[in-house]
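Per-entry structural report
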Amino acid sequence: MYDQVMLIAQITDLHISTPGSVNDRYFRTPEHLARAVTHLNGLTPRPDVVLATGDLVERGEPEEYARLRAILDGLAMPLYVIPGNHDAREPLARTFADRGYLPQDGGFLHYTVEDWPVRLIGLDTHVPGAPGGRLCADRLAWLDARLGEGREQPTVVFMHHPPFVTGMRAMDAMGLEGKAELAAVIGRHPQVERVLCGHVHRPMTRRFAGTVATTCPATAHQLALDLASEPRLAVVMEPPACMLHLWLGPDEGLVSHVSIIGDERPPFTLYDGQRWLRDAVPPSAFHPR
Ligand SMILES: [Fe+2]
Ligand SMILES: [Fe+2]
């Protein structure tokens, strides 16, 4: 049939803060992140790597990063993090310094991961003090050079701010500067299978520069889908989720799945791998209350 060559999990917008903060009281972000860690560790097959695409914490403070690290240390697989607008480079880099992949020179937190069938390239769209993101000429030149080194390798680029207008106007007001310039770089490198993003706390998909760009739901609070012309913003506790990007090799490609976190809706098995269960009935909790 086909080989499952690599499974890349993605979590985003964890927004860990300090005890008693709004994020703790209203959105329960640490509890939700702990649940996401349990979910990822319990998946079959288990993801090979986890990417965390920014807004790891709320205010970029060292205490928040300490709390974040304590929860993420529960992951059974390697983790790769990049900053979002809520992060701060220096404490973020220090918090994960022992993992060895984050630059510690005070510059941009971008890097490549070469250990897997799919090459991973993390980008840094952070702009200190601003909710929007930017890919400046320096960051784009770095990306162009890295992509030029691996033209034959299937590659995933991951970054916080999506490189497209979303139709949610409040989020578009804090979008990415340098979208067209990024498209010019990516367009020169057809080995880019996907551009994985966060920031918008919802799943979205768009054609981008000859590849596909997606955004991932958050591990805790989602943004209510609002496509009206007023730039409103509301939070909704739709089910938390992560994404699973399954690399099936060069012929079958990269398939992106949304994986809902939480087991309150049990599955009803119709086919158990050997036979169809024609007389099966759904479990009692099959329909939500
Ligand atoms: Fe966020
Ligand atoms: Fe963000």
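Residues numbered from 1 in each chain as written. Chains lettered and ligands numbered in written order. Predicted model: local features only at pLDDT ≥ 70, side-chain atom pairs only at ≥ 80, totals over all residues. Heavy atoms only, no water.

1. A closer look at empty space enclosed by the protein
The condition is simple: Points on a 1 Å grid, built from protein atoms alone, make a cavity when a 1.4 Å probe fits but cannot get out and make a pocket when they are open with protein on both sides within 12 Å along at least 5 of 7 lines; residues with an atom within 4 Å of a point are the lining residues. Grid points are joined across faces, edges and corners, and a volume is the space filled by probe spheres set on the points. Any residue outside Ala, Val, Leu, Ile, Met, Phe, Trp, Tyr, Cys, Pro, Asp, Glu, Lys and Arg is labelled polar, Gly included; the first ten of those are nonpolar and the last four are charged.
Applying the stated rule across the entire model yields 1 cavity of 30 Å³ or more. In this model, the largest cavity occupies a volume close to 30 Å³. For the largest cavity, the full set of lining residues is P162, F164, T166, M171, D172, M174, G175, L176, H199 and V200. Looking at the lining of the largest cavity, its residues break down into 6 nonpolar, 3 polar and 1 charged.

2. Focus on the layout of surface pockets
Each pocket or cavity is described by its volume, and for the largest pocket that value is around 230 Å³. Taken together, the residues that form the lining of the largest pocket break down as 7 nonpolar, 7 polar and 2 charged. Estimated volume of the second largest pocket: approximately 170 Å³. Of the residues assigned to the lining of the second largest pocket, the class counts are 4 nonpolar, 2 polar and 3 charged.

3. Quick notes on the packing of helix α5 (residues 137-149) against helix α7 (residues 179-187)
Which entries qualify depends on this criterion: Comment: axis = line fitted to C-alpha atoms, over the contacting stretch for helices; angle = value between 0 and 180 degrees taken between N-to-C directions. Every helix listed is a DSSP run of H or I at least four residues long, and every strand listed is a run of E at least two residues long, numbered separately from the N terminus. Roughly parallel refers to an angle under 35 degrees, roughly antiparallel to one over 145, roughly perpendicular to one between 65 and 115, and oblique to any angle outside these ranges. Note on contacts: a residue pair is in contact if any heavy atoms of the two residues lie within 4.5 Å.
Closest axis-to-axis distance for the α5/α7 pair is 10 Å, and the angle between their directions is 10 degrees. Accordingly, the angle class assigned to the pair α5 and α7 is roughly parallel. Each of L140, L143, D144 and L147 in α5 lies in contact with α7, whose residues at this interface are E181, L182, V185 and I186. When the residues that make up the contact of α5 with α7 are grouped by side-chain class, the tally is 6 nonpolar, no polar and 2 charged.

4. Here we look at the nonpolar core
Quick reminder of the rule: In these notes, a set of buried Ala, Val, Leu, Ile, Met, Phe, Trp, Tyr and Cys residues joined through side-chain atoms within 4.5 Å is what counts as a nonpolar core. Think of it in three bands: residues with accessible area under 20% of the maximum for their type are buried, residues over 50% are exposed, and the middle band is partly exposed, with areas taken using a 1.4 Å probe on protein chains only.
One finds L68, L72 and L120 to be the most contacted residues of the largest nonpolar core, which totals 48 residues. The leading source of residues in this core is strand β1 (residues 6-11), at 5 residues. Not counting residues within four places of it along the chain, the set of residues in contact with L72 comprises I11, L14, L33, V37, L79 and F96. Membership of the second largest hydrophobic core comes to 24 residues, among which are L147, M168, C197 and M204.

5. With respect to a nonpolar patch on the surface
The condition that has to hold: Patch definition: residues with relative accessible area over 30% and no salt bridge; like charges joined within 9 Å; nonpolar side chains (Val, Leu, Ile, Met, Phe, Trp, Tyr) joined within 5 Å. Residue burial considers only the protein chains on display, and all accessible areas are found by Shrake-Rupley using a 1.4 Å probe. In the sections that follow, a salt bridge refers to a side-chain nitrogen of Lys or Arg positioned within 4 Å of a carboxyl oxygen of Asp or Glu.
A grouping of L270, Y271 and W276 is seen on the molecular surface, where their side chains present a nonpolar patch of about 340 Å² in accessible area. For W276, the location among the structural elements is in the segment after β15 (254-260).

6. Some thoughts on the packing of aromatic side chains
How we decide: Pairing of aromatic rings covers Phe, Tyr and Trp, the last counted by its six-membered ring, and requires centre-to-centre distances within 6.5 Å; plane angles under 30 degrees mean stacked, over 60 mean edge-to-face, and any other angle means tilted.
Tallied over the full model, the rule gives 7 aromatic pairs. Centroid distance Y80 to Y111: 6.5 Å. Interplanar angle 35 degrees. Geometry classified as tilted. You can see Y80 sitting in strand β3 (residues 79-82) and its partner Y111 sitting in strand β4 (residues 111-113), a full 31 residues away along the chain. Take Y80: its relative accessible area is 9%, and that puts it in the buried class. Three or more aromatic residues link up through ring pairs in this structure, and these residues are Y80, Y101, Y111 and F158.

7. Points about the environment of G54
For G54, the position within the fold is in the loop between β2 (49-53) and α3 (62-72). In this structure, the C-alpha to C-alpha distance between G54 and G178, residues 124 residues apart in sequence, is 18 Å. Excluding anything up to four places from it in sequence, G54 contacts T12, D13, L14, I82, P83, G84, D87 and H160.

8. Remarks on the pairing of β3
What counts here: Pairing between two strands is assigned when DSSP locates at least 2 bridges connecting them. Place the viewer so that the strands point away; then a crossover is right-handed whenever the path from the first strand over the helix to the second strand goes clockwise.
The alternating pattern of β3 places L79 and V81 and Y80 and I82 on opposite faces, both of which are buried. Note that β2 and β3 share 4 bridges and pair parallel. Paired with V50 across the two strands is L79, which belongs to β3. Traced from β2 through α3 to β3, the parallel crossover comes out right-handed.

9. Some details on the coordination of the iron ion (ligand 2)
Stated precisely, the cut-off is as follows: Donor criterion used throughout: N, O or S atom within 2.8 Å of the metal, extended to 3.2 Å for Na, K and Ca. Water excluded; incomplete-looking sites may result. Donor angles set the geometry label: tetrahedral for four donors if every angle is between 85 and 135 degrees, square planar for four and octahedral for six if opposite donors exceed 155 degrees and the others are between 65 and 115, irregular for anything else.
Taken together, D55 (OD), N85 (OD1), H160 (NE2) and H199 (ND1) make up the full set of protein donors to the iron ion (ligand 2), lying 2.1 to 2.2 Å away. Because the angles between the 4 donor atoms bound to the iron ion (ligand 2) fall within 86 to 160 degrees, the donor set is best described as irregular. In terms of primary sequence, the donors binding the iron ion (ligand 2) are separated according to D-x29-N-x74-H-x38-H. Separating the iron ion (ligand 2) from the iron ion (ligand 1) is a gap of 3.6 Å, which D55 spans by donating to each of them. On the criterion of sequence distance, the pair formed by D55 in the loop between β2 and α3 and H199 in the loop between β9 (192-197) and β10 (204-208) is long-range, its members being 144 residues apart. The residues D55 and H199 share a single accessibility class, namely buried.

10. Quick look at the sheet that holds β15
The strands that make up a sheet are held in pairs by hydrogen bonds between backbone atoms, and each pair lies either parallel or antiparallel. Spatially, the 5 strands line up as an open sheet ordered β3-β2-β1-β14-β15, and their pairing is mixed. Unpaired on one side and paired on the other, β3 and β15 mark the two borders of the sheet. Between one strand and the next, the sheet's axes are offset by a mean angle of 20 degrees, whatever the strand orientation. Sitting on the sheet, helix α2 (residues 29-42) touches β1, β2, β14 (241-247) and β15, and the angle it makes with β1 is about 170 degrees.

Function-wise, these values are silent; they only describe arrangement.
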